[in-house]
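Residue-level structure breakdown
Listed here are the chains, written in short residue letters.
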Amino acid sequence: MSASLAVASSALSTLYRIVVYLFLQVAPISRAKYAIPVLYLGYVVSSYFGTPAFSEVVALKEEVVTIEEEKSEKNGDVVTDVSVAETTAVIPVVEQPTLKSALSTIIFSVPSPVRALRTANLAINTLLLLAATEFVFFPYFDSASDVVYSRVGALYPDAVKIVVRYPAAANATEHLVRVAWRQTDGNADTNAPWKEGPLANLTADHDWVRTVTLQGLWPSTSYEYRFEDGNNTALPYPAAPIRFHTAPDPRLHSGSHYRFVASSCVTPNFPYLPLHGRRIKGFDLLADYLWPSKPAPVSLPTVVAQNVSESLPSENSTSAENVTTPAPPVNVTTPVVSEESVPPTEFMIFMGDFIYADVPAYFGDDKEAYQRLYRRNYNSPSFRKVYERLPIIHTYDDHEIINNYAGMGNDSLPPFQNATNAFELYNADANYDPTDPGTYYYDFRYGDAAFFVLDTRRYRSDIFSDEPSSHTMLGDKQLTALYNWLGKVNNTAVFKFVVSSVPFTQLWTYEALEDTWAAFPYEKSALLTALQSVPNVIVLSGDRHEFAAIEFESGDAGHNVVEISTSPMSMFYVPLIRTLLPRSEEVVNKTRERVVVNEEGVEEVERYVEEVPREKVLRYIAEGNYKWSSIEVDTRDYSHPVVKVEIMIDGKPAYHLDILGKPVKLQSTTALGALVPQSFKGVLDRIGLKPSRWF
């Protein structure tokens, strides 16, 4: 019985360690937090009752034993002759454990009678339990109620949104903080006087957070701000003024050249490191990337080939209006002399899962529970390096609420109210003004590029009910706003970015069949048709904890669309298992040309029709806990606009992609009907929408 329990103890200990490792280093699956204490308890009980009866390592050893026997005569006299015999005996011998056997016992939990080794195993398993406990409960006990922070959100040509959290002294119910600002050259200190800005009335009811708008600014100009009390005395935070740069005036078509960063999904201290509960390593790496202490080696320039897009090994080359070209091999950088300076990174788009309300544990549908998670992130020294220097705008996904949330347009559906209350205070209020009041989707301009940020959770249907043809991701009102925006920016912006918190492609399998646009095939198909009627559309997405570049082929009509899906910023990825298909089964017809020699020996161009996948993977990289896209927009040459995408994984360049845009003759008119071509209106008519309602 004791031997059986010892074997059970070893098996439970090994399984326990594997589960803890997976939970803390691979993927923090919520169910593991229940399995870990059960396995630990089973290990302790079986270890206690399965303790061997002996406490030393005993080995059996054969020895040759000599036996002497004296013979005596019958009369009792002793004879001097002695008979000697040899025999083999098996005797127990105490052995000291070797280093190899001790390590095997500790690493593989092999049963051992040595108390010291059993104690070491118990100590290791107890420390693992404490580590898992810290990871699960640190978000609850780290309230960060005293965190003071400020950041910049939406950038306008003449205004900027500023978030401030500045708790008052004990027992106070409000705290008045004034923004003081001045113009700066962006580099050196200035002695210009401070100007009074907006007043932020911070209250306990709003968790001491407020977003204010600083107006009266100039386009493409650098400013800095600080906070003052009612007596115009500078407050201790920030220690140095926070700087920002206003957006360019989109009415001046002089070309743009800038970068922005996009990513999603972040959880502090994952993969887990003991006693580092506030660290978010992905933001540490991003800060080093944006503001390196020493210049990084410059990658070899991407070789651009006209009318060629990267394809899978089994595919022939394809052509598109948006031409995509690959860079040199992954993770290969060569120091070269940069021909021109890298443009500044102006802002970051965070595409959802900024908090994980239900990972590793869900602490309930409560305002404070959600607000605490936001405070924890803003209290992170890693994140502070970024948000105090880089404006950030947000959308949200399911984990800001609860896993796989589908709102169905019903705001009373728990836990939407409490979850979005925290999202508004900390993130949404600093976004650009919503397209429709009271909503979370919005659009904005930055230079010659236009952006539409979607809300993919609030209005999505329950895909397990009703007819699939009636399922919607966006809802009627948001979908109308998106089509309206497409018509407006068709000839008023060079590049058009559609930001979706979940992937637009249907190539991801497994849970993505329910979570992404693949679950809404009718709405997605109609929207893709509309997107392909407008030149230079790029979809940005996150959520999948992997990177993929997808090309949506339009065939002979319309324009190709490229999707860049990037995540996580700082979270898990799934090793070994791959869930992205290389291409779709759906195909479109593509007319190609080839040169053939006729019977007379004369070369002539022959046209033929080929079936090509509607969606195909340009590049797929699953590995990496820390991923972001650095996207460079360059429209200085309107005849050759380009978006250059650099994928950073674990702090290193992993992939480069150039998306060559189609020339767009920009128009400045604000008359919406004049901006929408008849071809685009015809597309809307074919998919059942009536553009006359908007134009």
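Note that the structure is predicted; figures quoted are calculated from it, not measured.

Our focus in this paragraph is the packing of helix H6 (residues 367–378) against helix H8 (residues 416–426). Contact geometry of H6 with H8 gives a least axis separation of 8 Å together with a crossing angle of 30°. The handedness of the crossing between H6 and H8 comes out as right-handed. In contact with Lys367, Tyr370, Gln371, Tyr374, Arg375 and Tyr378 of H6, H8 contributes Asn418, Ala419, Asn421, Ala422, Phe423, Leu425 and Tyr426. Within the contact of H6 with H8, the residues separate by chemical class into eight nonpolar, three polar and two charged.

Another point: the side chain of His257. Within the secondary structure, His257 sits in strand S10 (residues 257–263). A distance of 2.7 Å separates the side chain of His257 from the side chain of Glu632, its partner in a polar contact. A polar atom in the side chain of His257 sits 3.4 Å from the side chain of Arg636.

Strands belonging to one sheet form pairs held by backbone hydrogen bonds; the direction of such a pair is parallel or antiparallel. The three strands are arranged S3-S4-S7 in an open sheet whose pairing can be described as antiparallel. Bordering the open sheet on either side are strand S3 (149–155) and strand S7 (209–215), each of which pairs with just one other strand. Pairwise comparison of adjacent strand axes, ignoring direction, gives a mean angle of 25° for this sheet. Relative to strand S4 (residues 159–165), S3 runs antiparallel, the two being bridged by five bridges. Along S4, the bridge assignment pairs Leu155 with Val160. In this fold H8 packs onto S3, S4 and S7, with an angle of close to 40° to the strand it touches most, S7.

What follows covers the packing of aromatic side chains. Scanning the model with the defined rule gives 53 aromatic pairs in all. Centre to centre, the rings of Tyr258 and Phe347 are 6.4 Å apart; their planes meet at 40°, and the pair counts as tilted. You can see Tyr258 sitting in strand S10 and its partner Phe347 sitting in strand S12 (residues 345–350), a full 89 residues away along the chain. With respect to class, Tyr258 is no different from Phe347; both count as buried. The ring of Trp291 carries the charged tip of Arg389 above its face, separated from the ring centre by 4.2 Å. Taking NZ or CZ as reference, Lys524 lies 5.5 Å from the ring centre of Phe504, over its face.

A few words now on the nonpolar core. Generally speaking, soluble globular proteins have nonpolar side chains that are buried together. Ranked by size, the top nonpolar core spans 104 residues in total, and within it Phe260, Phe283, Leu286, Phe451, Phe497 and Ile564 carry the most contacts. Among the nonpolar cores identified, the runner-up in size contains 41 residues, and Tyr441, Tyr483, Ala519 and Val534 belong to it.

Of the consecutive residues Tyr237 and Pro238, the connecting peptide bond is found in the cis state with omega at -5°. Along the polypeptide, Pro238 turns up in the loop between strand S8 (222–228) and strand S9 (242–245). At the junction of Phe270 and Pro271, the peptide bond is cis and its omega measures out at -5° in the coordinates. Tracing the backbone through its elements, the reader meets Pro271 in the loop between S10 and helix H5 (281–290).

We now examine a nonpolar patch on the surface. Residues Leu99, Leu103, Ile107, Phe108 and Val110 make up a contiguous nonpolar surface patch of about 500 Å² in total accessible area. Inspection of the secondary structure assignment puts Ile107 in helix H3 (residues 99–108).

Note that Pro113 resides in the loop between H3 and helix H4 (115–141). Taking the C-alpha atoms as reference points, Pro113 and Ala6, 107 residues apart in sequence, are found 9.8 Å from one another.

When two helices pack together, their arrangement is given by the angle between the helix axes and the distance between those axes. Between H4 and H6, the least distance of the axes is 8 Å, while the angle of their chain directions is 100°. As summarised for this structure, H4 and H6 are arranged roughly perpendicular, according to the angle between their axes. Contacts between H4 and H6 involve Phe138, Pro139 and Tyr140 from the former and Arg372, Leu373 and Arg376 from the latter. Residue classes in the contact of H4 with H6 are distributed as four nonpolar, no polar and two charged.

What follows covers H8. Burial within H8 is extensive, with eight of its 11 residues counted as buried. Three or more residues of H8 are buried, namely Phe416, Asn418, Ala419, Thr420, Ala422, Phe423, Leu425 and Tyr426. For H8, the elements touching its buried residues are S3, S4, S7, H6 and strand S13 (392–394).

Our focus in this paragraph is the pattern of salt bridges. Enumeration over the complete set of coordinates arrives at 28 salt bridges. Linking Glu606 and Arg594 is a salt bridge whose minimum nitrogen-to-oxygen distance equals 2.8 Å. Residue Glu606 is located in strand S21 (residues 603–613), and its partner Arg594 is located in strand S20 (residues 587–597); the two are separated by 12 residues in the primary sequence. A cluster of three or more residues bridged by salt bridges with shared partners is formed by Arg165, Asp207, Glu368, Arg372 and Arg375.

Cut-off values and rules
- Residues numbered from 1 in each chain as written.
- Predicted model: local features only at pLDDT ≥ 70, side-chain atom pairs only at ≥ 80, totals over all residues.
- Heavy atoms only, no water.
- Axes fitted to C-alpha atoms, helices over the stretch in contact; angles between N-to-C directions.
- Helix = DSSP H or I, 4+ residues; strand = E, 2+ residues; numbered from the N terminus.
- Left-handed = near helix turned anticlockwise from the far one by under 90°.
- Contact = heavy atoms within 4.5 Å.
- Nonpolar A, V, L, I, M, F, W, Y, C, P; charged D, E, K, R; others polar.
- Polar contact = N/O pair within 3.5 Å; in protein donor to acceptor, adjacent residues only side chain to side chain.
- Pairing = 2+ DSSP bridges.
- Phe/Tyr/Trp six-rings, centres within 6.5 Å; stacked < 30°, edge-to-face > 60°.
- Buried < 20%, exposed > 50% of the residue type's maximum accessible area, 1.4 Å probe, protein only.
- Lys NZ or Arg CZ within 6 Å of the ring centre and 35° of its normal.
- Core = buried A, V, L, I, M, F, W, Y, C linked by side-chain atoms within 4.5 Å.
- Patch = residues over 30% accessible without salt bridge, like charges linked within 9 Å, V, L, I, M, F, W, Y side chains within 5 Å.
- Areas by Shrake-Rupley, 256 points an atom, 1.4 Å probe, with all protein chains shown as cover.
- Salt bridge = Lys/Arg side-chain N within 4 Å of Asp/Glu carboxyl O.
- Parallel < 35°, antiparallel > 145°, perpendicular 65-115°, else oblique.

Read these as geometric descriptors, not functional statements.
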